[in-house]
Amino acid sequence: MTSTLANAQTIEEEVAKKSCECIQMKVSTYGQISKAETQKCVSKSGDEVLKSKDPQEVKRLTKNMEEVVERLKIIYKMVEKCLPKTDSN
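Bear in mind that the values here come from a model prediction, so they are computed numbers and not experimental data.

Q: Tell me about the side chain of S45, and name the residues and values.
A: With respect to the helices, strands and loops of the structure, S45 is situated in helix α3 (residues 35-51). Once you skip the residues sitting within four places of it in the chain, S45 turns out to touch V15, K18 and S19.

Q: Give me the confidence of the model for the chain: which residues, what numbers.
A: Summary statistics for the chain give a mean pLDDT of 87 and a share of 87% for residues scoring 70 or more. Here helix α1 (residues 2-8) stands out as the least confident element of the chain, with mean pLDDT 45; α3 is the most confident, with 96. In the predicted structure, residues 1-6 sits below a pLDDT of 50 and forms zero contacts with residues beyond four places in sequence or in another chain.

Q: Now, about the state of the cysteines: what can you tell me, with residues and values included?
A: Taken as a whole, this structure holds two disulfides when the rule is applied. Between C20 and C82 runs a disulfide, and the two sulfur atoms are separated by 2.1 Å. On the sign convention where negative means left-handed, the S-S torsion of about -85° between C20 and C82 marks this disulfide as left-handed. Of this pair, C20 sits in helix α2 (residues 11-30) while C82 sits in the segment after α5 (65-80), and the two are 62 residues apart along the sequence. For the pair C20 and C82, a shared accessibility class is recorded, and that class is buried. Disulfide pairing places C22 opposite C41 at an S-S distance of 2.0 Å.

Cut-offs and rules
Residues numbered from 1 in each chain as written. Predicted model: local features only at pLDDT ≥ 70, side-chain atom pairs only at ≥ 80, totals over all residues. Heavy atoms only, no water. Helix = DSSP H or I, 4+ residues; strand = E, 2+ residues; numbered from the N terminus. Contact = heavy atoms within 4.5 Å. pLDDT = per-residue confidence, 0-100. Disulfide = S-S within 2.5 Å. Buried < 20%, exposed > 50% of the residue type's maximum accessible area, 1.4 Å probe, protein only.

Laid out in structure tokens, this is it:
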């Protein structure tokens, strides 16, 4: 049943989950994370998720640049939730 649920995740959810895991590792090591490091986590996670998919599915997912940009917006919105809170003083 767990594998069925894992397969039900969207690409965006998978990338966001891996990105948050990467971010949490860096935050626990350094106590904070830069915007550049956050972007590296998202990029690396996206690569890992796409490499785990069928090449035909990857081609379908990445052929339209506008759709890729929209997916990235969704991913970053999800990832924002796992970023450490900062004081806005």
